[in-house]
Amino acid sequence: MTNKTLNWGLLSTARINRALNPPLQVSKRNHLLAVASRSQETAYAYAKEKKIPRAYGSYEALLADPEIDVIYNPLPNHLHAVWTIKAVEAGKHVLCEKPLALTVAEVDAIRAAAHKHGRVVAEAFMYRHHPQTLKVQELVKDGSIGSLKLIRGSFSFILSREEDIRLLDPAMGGGSIWDVGCYPISYARTVVGENPLEVFGWQVTGKTGIDETFVGQLRFAGDVHAQFDSSFVIPFHSFMEIVGSDGTLSIPTPFKPGVNERIFLTRDEKIETIKVKGQELYLGEVEDMADAILLGKDSLVTLHDSRVNVAV
């Protein structure tokens, strides 16, 4: 299958599609073939605007297209598991937006379906594939900051659209921790390379019951601790800081790094600027899917990894 071009279908016209369309257009192994909406009119309009060859007026119609190899699932959080499983059962590979699911049981159901039907399912944590993240992992692993002690992270922005589904209902996966708090949680776990032994947190509850703000702590083996916060009511705030016995790594743009980024290594009160040549942010997860499907490689973000992040 190494010479095959993978045909992709977008499961809805969600705004996040704007991020995935460019890498699908430039990738030599991936081709954006179709989009589905809940109405044919909307699907046609979107396909015309984005120059997508096929438009379907239902999600089921997209899954029934035999020429579609990969489904991108950007649906609301509470629909991730059910439509990912439906796509897998229809014979499609799936790249699903984070969070992959809202419960461990849902992740287990996805994993069982993927195994049964021999399909690749991966969670779309795009930052994990970026060269900056890989460089941070390398610096921590090679002892540049000494032994790991403390990790801090934050991801917040003001979400003011009252009709936004992320503000409506906890049962639908609303709230800041599922939307943006999952990033510093994932980042901390990635840096430590282990799963936390204990987690604890507080939330500030909004009028619909979702967490407007969440503040959490994670305790890892070896007396390594992580602290994070996420919010829909705090102005944009995003960083990761990794503290070791001999130094500190500061990452100003950890979750949406660009083509040229800088991270900062502080040791002995001296700050070293480390330049990282990056890439288009969402290209990595698209090419990772191609590697997994066409070459049989393991996905960088495995289903086990996703299961643990959901559990945390």
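A brief structural summary.

Right, let's get into the environment of G244. Secondary-structure assignment places G244 in strand β11 (residues 237-244). We classify G244 as buried; its relative accessible area is 11%. Those residues within four positions of G244 in sequence are excluded, and the remaining contacts are I145, S147, L148 and K149.

If you look at the biggest cluster of nonpolar residues, it comprises 66 residues, and the most contacted ones within it are W8, L20, V136, I151, Y187, I242 and L249. In terms of residue count, the dominant contributor to this core is helix α7 (residues 176-192) (nine residues). Of all hydrophobic cores here, the second largest spans 27 residues; its members include Y56, L62, A87 and I110.

Here we come to the packing of helix α5 (residues 104-117) against helix α9 (residues 303-311). Think of two packed helices as two axes; the pair is described by the angle between the axes and how far apart they sit. Where α5 contacts α9, the two axes come as close as 9 Å, and the packing angle between them is 170 degrees. Here α5 is positioned roughly antiparallel relative to α9, judged by the angle of their axes. Taking contact as the criterion, the partners of V104, V107, D108, I110, R111 and A114 in α5 are, on α9, L303, H304, R307, V310 and A311. Split by residue class, the contact of α5 with α9 holds seven nonpolar, one polar and three charged.

Now for the packing of aromatic side chains. The geometry of an aromatic ring pair is captured by the separation of the ring centres together with the interplanar angle, meaning the angle of the planes. Tallying each qualifying case throughout the model produces 14 aromatic pairs. Ring plane angle 85 degrees and centroid distance 5.3 Å describe the contact between Y59 and W83, whose orientation is recorded as edge-to-face. A residue pair is termed long-range when its members are at least 10 positions apart, and Y59 in helix α3 (residues 59-63) and W83 in helix α4 (residues 80-89) qualify at 24 residues. Ring centres of F125 and Y183 lie 5.3 Å apart, and the angle between their planes is 85 degrees; this geometry places the pair in the edge-to-face category.

Turning our eyes to something else, we now look at empty space enclosed by the protein. Tallied over the full model, the rule gives one cavity of 30 Å³ or more. Around the largest cavity, the lining residues are I151, R152, G153, P184, I185, A188, L218, A226, Q227, F228 and M240. Elements supplying a minimum of two residues to the lining of the largest cavity: β7 (148-156), α7 and β10 (224-231). Each residue belonging to the lining of the largest cavity can be placed in one class, and the counts come to eight nonpolar, two polar and one charged.

This paragraph deals with the sheet that holds strand β9 (residues 211-220). To summarise the sheet geometry, strands pair through backbone hydrogen bonds and adopt either a parallel or an antiparallel arrangement. Spatially, the eight strands line up as an open sheet ordered β8-β9-β10-β7-β11-β12-β13-β14, and their pairing is mixed. The outermost strands of the open sheet, each flanked by one partner alone, are β8 (198-205) and β14 (270-277). Strand-to-strand twist of the sheet, defined as the mean angle between neighbouring strand axes without regard to direction, takes the value 15 degrees. Here β9 pairs with β10 via eight bridges, running antiparallel. Paired with G216 across the two strands is F228, which belongs to β10. In the packing of α7 onto the sheet, contacts are made with β7, β9, β10, β11 and β12 (248-251), and the angle to β10 comes to roughly 160 degrees.

With respect to burial, α4 is a largely interior element, seven of its 10 residues being buried. Taken as a whole, α4 has its buried residues at H80, A81, W83, T84, I85, A87 and V88. Where α4 is buried, its residues touch β1 (6-11), α3, β4 (70-73), β5 (93-97), α5 and β6 (121-124). Phi turns positive, to about 90 degrees, at G91, one or two residues after α4.

With that out of the way, let us pick up a nonpolar patch on the surface. Where nonpolar side chains cluster on the molecular surface, the patch consists of F200, W202 and V215 and spans about 320 Å² of accessible area. Among the secondary structure elements, W202 is positioned in strand β8. Owing to a relative accessible area of 48%, W202 belongs among the partly exposed residues under this scheme.

What follows concerns the side chain of S27. Locating S27 in the fold gives a position in the loop between α1 (17-26) and β2 (30-36). Of the residues examined, S27 reaches a relative accessible area of 8% and is grouped as buried. There is a polar contact of 2.8 Å between the side chain of S27 and the side chain of N30. When neighbours within four sequence positions are excluded, S27 is seen to be in contact with V286 and E287.

In this section: the state of the cysteines. Taken as a whole and judged by the stated rule, the model has zero disulfides. Just so you know, C96 is unpaired, no disulfide at all, and the nearest cysteine sulfur is the one on C182, 12 Å from it. The exposure class of C96 is buried, given its relative accessible area of 0%. Residue classification places C182 among the buried positions, given a relative accessible area of 5%.

On to the pairing of β2. Taken across its seven residues, β2 has six buried, putting it largely inside the fold. Each parallel crossover has a hand, and the one from β1 via α1 to β2 is right-handed. Note: β2 against strand β3 (residues 54-56), three bridges, orientation parallel. For A36, the partnering residue across the bridge sits in β3 and is Y56.

Reading the values: the criteria
Residues numbered from 1 in each chain as written. Predicted model: local features only at pLDDT ≥ 70, side-chain atom pairs only at ≥ 80, totals over all residues. Heavy atoms only, no water. Helix = DSSP H or I, 4+ residues; strand = E, 2+ residues; numbered from the N terminus. Buried < 20%, exposed > 50% of the residue type's maximum accessible area, 1.4 Å probe, protein only. Contact = heavy atoms within 4.5 Å. Core = buried A, V, L, I, M, F, W, Y, C linked by side-chain atoms within 4.5 Å. Axes fitted to C-alpha atoms, helices over the stretch in contact; angles between N-to-C directions. Parallel < 35°, antiparallel > 145°, perpendicular 65-115°, else oblique. Nonpolar A, V, L, I, M, F, W, Y, C, P; charged D, E, K, R; others polar. Phe/Tyr/Trp six-rings, centres within 6.5 Å; stacked < 30°, edge-to-face > 60°. 1 Å grid on protein atoms, 1.4 Å probe; cavity = no way out; pocket = protein on both sides within 12 Å on 5 of 7 lines; lining within 4 Å. Points joined across faces, edges and corners; volume = space filled by probe spheres on them. Pairing = 2+ DSSP bridges. Patch = residues over 30% accessible without salt bridge, like charges linked within 9 Å, V, L, I, M, F, W, Y side chains within 5 Å. Areas by Shrake-Rupley, 256 points an atom, 1.4 Å probe, with all protein chains shown as cover. Salt bridge = Lys/Arg side-chain N within 4 Å of Asp/Glu carboxyl O. Polar contact = N/O pair within 3.5 Å; in protein donor to acceptor, adjacent residues only side chain to side chain. Disulfide = S-S within 2.5 Å. Right-handed = clockwise from strand over helix to strand, strands pointing away.

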